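Topology and contacts: notes
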Amino acid sequence: MGVIKTTCIIIMLFLIIIRPGNTFGLIPVSADSTRVKPSSATCENIKNPLGIDISNPTLSWILVSKGRNKKQTAYEILVSDSKNELMKSHGAMWQSGKILSDQSLHIEYKGKPLKSFTRYYWCVRIFDQEGKASSWSKPQWFETAMLKASDWKAKWISDGSTPYEHDEDFYKDRPNPLFCKTFKPKKKILSARLYISGLGYYEAAINGQKVGTQMLDPGWTNYSKQVLYSVYDVTSMIDQKVNTACIMLGNGWYNLLPLRFWGSKNFRNNLTVGQPVLKAQVRIKYTDGSADIVATDESWQTLPGPVIFNSVYLGEHYDARLELKNRLTRNTKEIKHAVAVSGPAGKLTVQMQPPIRVTKIVSPISIAEIKPGTFIVDMGQNFAGTIRIHIKGLSGTKVTFRYGEDKYPDGSLNPMTSVAGQIKKENGGPGAPKIAWQEDSYTLMGKGIEIWTPKFTFHGFRYVEVTGWPGKPTLQDIEGLRMSADLEQSGYFTCSNQMFNKLNDIIKWTFLSNVFSVQSDCPAREKLGYGGDLFCTNEAFLFNFNMANFYMKTVNDFVNDQRPMGGITETAPYVGIADKGPGDNSAPIGFQLGFPYLVKKIYDFYGDKRVIKNNYDALTRLANFLIAKSEGNLFYIDLSDHESLDAKPVALTASVFYYTDMQLMAEFARILNNRADSIKYNNLAHTIKDAIVSKFNVPHTGRFDNATQTAQIFALWSGVVPESEKDKVFEVLNANFLLHNGHLSTGIFGIKMMFDVLRKENDNDLAYQVANQRSFPGWGYMLDNGATTLWETWANSDNTYSKNHPMFGSVGEWFYRSLLGINENGPGFKRIIIKPQPAGDLTMAKGSFNSVYGKITSGWEIIGKHFNLKVEIPVNTSAEIWIPLKYGTDITESGKPISEITDIQFVKKEKDYTVYRVGSGIYSFLTN
C-alpha cells in the first residue's frame, strides 16, 4: 500500500507540474484535437533559417485546431541559446511573458542582443479565447551569420586576370578560375559553416563533394549596392585530418558579355561588372568552444578550370579533360596564388530568398535523327533550366547542344524565339555571333560513362539539337533539369473545365521558368525583371507560391536602382532600358507602378508592415518624382497597355497609373499612422481623378478616351468613373466585347484589371466567356496550338516573340479570387472573404490557398438545382461567406437549417448573395 500511495503522490505532483499554464515545464501536446496549438513556426518567413543577419528578427506561427471559432488572445515566447535550457522552460535570451494580443505574425525579437555565429532556440505557447494555455510548440531555431561587417575575415580574391580590352575578346575561350585551399582542423569539430559569395556565380566543393544543392548562386543584385552570400552547414563534409576546399567561379551577371541587345544596348554600361571574384570563409567550431576560420586570401591557390566559356545568354562550353582531378598530379605552371582585390562595393547580406535548385526532372518524349549525326530531342514541355547527359566516348570528342522553343516544318530546330536580344543579323556588336542562340558544348574526358550538366548558365527551351554525339543518343542518355527558385507551392486549383485545368498547369510552368532570383519576362531572350510584368502577375504568383522572401528581394532590387530624381527603373536590376518614361532614365509609368503595387500586395498577403515602413522613403521619392513630372495632374507618355490589340489610350492609362500611385501612398501613410501624408496624398488623388474625368470622359456617353476595352476597363478599375456614368461605361464595355465576339482585345494591364472589375461587379459570366475562348485571341488558342507555357503575344510567333512569358498569367489570379472566391479582407488574410462566382457551364471548382494564418479551402459543386459549398477557415481568423442564391434560398449547414447554427452570424443580403460571418473551422453549406 505504501508503494502505491507513494506512486500516486508522484503522479499527482507530475500532473501539477505540467498542468496548463504552468511555466516550469514544457507541456506535452494535448490529445484534444479541438484545443488550439501553435504549429509551423518560422523566423523571417523561414523554418529554422541557417543564417540570418538581422539583429531583431521576427517570429511567426500558425495555429491549428479542429474546432470552430478558435482564436488566440495572448502568447508567450521563450528564446534561449541552449536547447536544454529551453526544454526546461527557461528563455535565457528572452522571456516575453504573457502578451495580451491575437498577433501571431512577425513578432519582433526583443531579448538580449544576439551574437554572430550562434544558434538560438525558441518556442511559443498561446492562450485561446477562453484563456487556456496551449502546449508549448516544438523547439525551433534560427542561427545568426555575420551581424556586423567586422565578422568577415575573408578578402575578395581573383585569379589576377585582366579585363578584356576589346569587345570581341569576350567571345573567345577563357577558362573560368578555380580556387583551392587545404586546411586541417586543430581540435575535435563540433560544427562547421561555409559563408560564401562568388561573382558572377560559384560552385563550391569540399573534399571533392559539392556543397549544397543550390545552383546559379548568388542571386542577381545591383552589386554596387548589395551582394548576397549564402550559409551552408558543412560539418559532415570536413574531416579531422587534411581537407581541400575548391571553389569554381562563373561569369554570371557580374562579367556579362558586351552583347548589343536589339542592336544597341550593351548592358555592361549600366551594370556593376568585373572579373570573377570570390569571398568565403569556413568557420569551424570546436567542442571546447573555440573556433578557427579558413578565409579567402592570397594564400589560396588558383588555376584555370574546365569551363572554358560561359554566358547566362549564350551558354557554356566545358572541357572535361581540364577537370581538377586530372591536373593536380601534373607538375603544372598554371597553379598560382590568388590576388586580393577590392571587389564590388555592395553591402554583403544573407541571401534570404529561396535559392535556385533543380525542382523537376523532365524526361524527353522523343529523339529524331533529322539528318546523319543531327538529332532533335523533344522534351515534351517548354521550361527553364539545363540538360544532364550520360555519355561515353573517346577523349576529345566534342558534343554540341543547341536549344529552341519550336521546330520548323521539316523537323529541324527553330531557335529564333529564344535568341538573346533579337541579335539575328550580325547586330550584336564586335565579336558577337551572327545569331545569338543558346548553345552548350561538352568535350569528353574519355573515361567510362561521363555525367555532365552546365554549371553557370540556364536556358528556355523545349527542343534540343544534338550534334557530335558518339553513336546515337537514347531517351535515357539525356534528361531535362527544370530549374527555378525553390518556391513552396501555396495554391491548389481544379475545376470541371479541363481547359482551365490545363491552363492552370501551364501558368505554373511559365511562372517557375521565370524566377531565377528575379521575376523575369522570359528565361532565354531577355531574362530581365520588368516592373510592368510584375504589376500584372504578382497576385497570380502570390496565390500559387510562397513569394514572401522572393518578393522582398524584388523590392530591394527596385530600391537599389532607384534613379537620382526618385524614378523607378524599367527593370531591376537596371540594365539601361528606359522606354517611354518621364525622364531620368526611369520606366514608363505603369512599369514604375510595379514597385509600390508590389509593396502593397506583400502587405496584403503576408501582413508584414515592415515592407511599407522600411521602404516609405523610397516610395515617397517616387511619388515626388511623379508629381514633379506630371503635366496638369496628367501624363501623356507611356508604354500603355502593352500587347493590346487595339489602339492604346496612352495618356489615359498613364494618368490612371499616376492616380493609383497617389492612392497607394495615401494608404501607406494611413497604415503607418502618418496623418499629414495621408491627407496630402488623398487630396492630390482627388485632384488627379478630377483631371482624368475632365480630360478623358465623354459626358453622358459612357465613353472614356477611345472607348476600347482597355480605356473602359482602366476607368472602371481605378474608380475614376463618376457614379452617374458607371452603368453607361459598362454598356460601352459590353458592346465592345460583343464587337469582338466575346474575345478580349486588351494587353497585359487590361487583362489583370478586367478580371478585377468583373469580379467586383459580379459579372463573372462575361469573365468566363472571355477566359474560355478557344479561338484567337485567347488562352485556349494558345493551348490548341501546342503551347505548354504562355506566349509573349496573343498570336503564334515562329521568329520573334518568346513562348515562355508570364505576363498573360494574371488569369491565374481569377481562378482563386473569382472561381474559388478566396479574397483577403485584411492584411495577411486575417479577415477573409469567400465569395465563389459560378459561371458558364462550370459545375465544380475546388482548391485552397496556404495563407500565413493557415490553409484556406473553398470548394463548390452544383448538383442538380443544389449548390454545395465547403470551406475551411484557419484558426485566429474570421471570414465572410457569400452564398449565391440563384440555386435556392433555403440554406443548410452540415445538414441543419442555418438559422439553428449558433456560431454562424447572418450579415446581409447583397446582389444575389446571402452573407454570413464565421470564425475558424470547417463548414458545409447547401442551398435548395
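Scroll up for the structure.
Throughout what follows, the structure given in this document is the object of discussion. Throughout this document, residue positions are counted from 1 along each chain, in the order its sequence is written. At least 70 in pLDDT is required for a residue's local features to be given in this predicted model, at least 80 for side-chain atom pairs to be given and counted, and no such filter applies to totals for whole chains, interfaces and linings, which use all residues. With hydrogens and water excluded, all non-hydrogen atoms of the structure serve as input to the side-chain values.

1. Quick notes on unusual backbone geometry
In this chain, L199 is followed by G200 through a cis amide linkage whose omega measures -5 degrees. Helix and strand definitions follow DSSP, with helices as H or I runs of at least four residues and strands as E runs of at least two, each counted in order from the N terminus. Topologically, G200 is positioned in the loop between β11 (189-199) and β12 (201-206). The backbone phi angle of S517 is positive, close to 70 degrees, even though this residue is not glycine. Looking at the element boundaries, S517 is found in the loop between α3 (498-512) and α4 (531-544). Exposed residues in this analysis have more than 50% of their type's maximum accessible area, buried residues have under 20%, and partly exposed residues fall in between, with area computed by a 1.4 Å probe over protein chains only. When its relative accessible area of 5% is taken as the criterion, S517 is described as buried.

2. Topic: the sheet that holds strand β2 (residues 58-64)
A pair of strands is labelled paired if DSSP reports no fewer than 2 bridges between them. Strand order in this open sheet of three strands is β1-β2-β6, and the pairing throughout is antiparallel. If you trace the sheet from one side to the other, it starts and ends with β1 (37-43) and β6 (107-108), each paired once. Where β1 meets β2, five bridges bridge the pair, whose relative direction is antiparallel. Following the sheet pairing, K37 is matched in β2 by V64.

3. Digging into the pairing of strand β40 (residues 831-834)
In the sheet, strand β39 (residues 822-824) pairs with β40 via three bridges, with the strands oriented antiparallel. Looking at β40, one finds that E824 is bridged to I832. Between β39 and β40, which pair antiparallel in sequence order, lie six residues; one of them, G828, sits at a positive phi of approximately 70 degrees. With four bridges connecting them, β40 and strand β44 (residues 878-884) associate as parallel partners. Counted as the bridge partner of I832 is A879 from β44.

4. Here's the deal with the packing of α3 against α4
Geometry of a packed helix pair, given as the angle between the helix axes and the separation of the axes. Note on geometry: axes are lines fitted to C-alpha atoms, helical ones only across the stretch in contact, with angles between N-to-C directions running from 0 to 180 degrees. Two elements in contact, α3 and α4, have axes whose closest approach is 11 Å; the angle formed by their N-to-C orientations is 100 degrees. It follows that α3 is roughly perpendicular to α4 by the angle criterion. Seen from α3, the contacting residues are N504, K508 and F511; seen from α4, they are T537, A540, F541 and N544. Residue polarity is assigned by list, with Asp, Glu, Lys and Arg as charged and Ala, Val, Leu, Ile, Met, Phe, Trp, Tyr, Cys and Pro as nonpolar; anything else, Gly included, falls into the polar class. Across the contact of α3 with α4, the residue classes break down as three nonpolar, three polar and one charged. Oblique is the label for any angle not under 35 degrees, not over 145, and not in the 65 to 115 range, which are roughly parallel, roughly antiparallel and roughly perpendicular in turn. Any two residues having at least one pair of non-hydrogen atoms within 4.5 Å are treated as being in contact.

5. Section: the environment of G67
Along the polypeptide, G67 turns up in the loop between β2 and β3 (72-80). Measuring from C-alpha to C-alpha, the distance between G67 and S920 comes to 7.5 Å, with 853 residues separating the pair along the chain. The residues contacting G67, other than those within four sequence positions of it, are S33, T34, S920 and G921.

6. As for helix α14 (residues 748-760)
The span one expects for a helix is its residue count, reduced by one, times 1.5 Å. The end-to-end C-alpha separation of α14 is 19 Å, in line with the 18 Å expected for 13 residues at 1.5 Å each. With 12 of 13 residues buried, α14 is to be regarded as a mostly interior element. Burial in α14 covers these residues: I748, F749, G750, I751, K752, M753, M754, F755, D756, V757, L758 and R759. One or two residues past the end of α14 sits N762, with phi positive at roughly 55 degrees.

7. Observations regarding the state of the cysteines
Two cysteine sulfur atoms form a disulfide, by the criterion used here, when they sit within 2.5 Å. Tallied over the entire structure, the rule returns zero disulfides. With no disulfide of its own, C123 lies closest to C43 among cysteine sulfurs, the gap being 14 Å. With no disulfide partner, C536 has as its closest neighbouring cysteine sulfur the one in C522, 15 Å distant. Exposure remark for C536: the relative accessible area of 1% places this residue in the buried category.

8. Some points on the sheet that holds strand β23 (residues 336-337)
Pairing in this open sheet of six strands is antiparallel, and the strands run β13-β12-β15-β10-β20-β23 from one edge to the other. A single partner strand is all that each edge strand has here, and the edge strands are β13 (209-210) and β23. The pairing of β12 with strand β15 (residues 243-250) spans six bridges and is antiparallel. Each bridged residue has a counterpart across the sheet, and for Y201 the counterpart in β15 is G250.

9. Observations regarding the pattern of salt bridges
Any Lys or Arg side-chain nitrogen located within 4 Å of an Asp or Glu carboxyl oxygen qualifies as a salt bridge. For the coordinates displayed, the defined rule picks out 42 salt bridges. For K186, the salt bridge is made with D292, and the minimal N-O distance between the two is 3.9 Å. Of the two residues, K186 sits in the loop between β10 (177-183) and β11 while D292 sits in strand β19 (residues 291-295), which places them 106 residues apart along the sequence. With relative accessibility at 66%, the residue K186 sits in the exposed group. Ionic pairing is found between E761 and K726, a salt bridge with its closest N-O pair at 3.0 Å. Here E761 is found in the loop between α14 and α15 (764-771), whereas its partner K726 is found in helix α13 (residues 726-739), with 35 residues between them in sequence.

10. Brief notes about the nonpolar core
Grouped together as the largest cluster of nonpolar side chains are 257 residues, with contacts concentrated most on F401 and W779. Broken down by element, this core gets its largest block of residues, 14 residues, from helix α10 (residues 650-671). With near-sequence residues (within four places) excluded, W779 lies in contact with L503, L744, I751, F755, V770, A771, L790, W794, F808 and V811. Formed by 26 residues, the second largest nonpolar core is a distinct cluster that contains Y202, I206, V294 and A338. In this text, buried Ala, Val, Leu, Ile, Met, Phe, Trp, Tyr and Cys residues form a nonpolar core when linked through side-chain atoms within 4.5 Å.

11. Considerations on the packing of aromatic side chains
Aromatic rings from Phe, Tyr and Trp, taking only the six-membered ring of Trp, are treated as a pair when their centres fall within 6.5 Å; an angle between ring planes under 30 degrees marks them as stacked, one over 60 as edge-to-face, and anything in between as tilted. One pass over the structure, following the stated rule, counts 57 aromatic pairs. On the numbers, 6.0 Å between centres and 75 degrees between planes, the contact of F535 with W717 is edge-to-face. Here the residue F535 occupies a position in helix α4, and W717 occupies one in helix α12 (residues 709-718), the gap between them amounting to 182 residues. Here F535 falls in the buried class, since its relative accessible area comes to 0%.

12. So, the environment of F179
Mapped onto the elements, F179 comes out in strand β10. Between the C-alpha atom of F179 and that of L733, which follows or precedes it by 554 residues, the distance is 63 Å. Beyond its immediate sequence surroundings of up to four residues, F179 is in contact with I157, S158, D159, A245, C246, I247, L249, L278, W300, Q301, T302 and A338.

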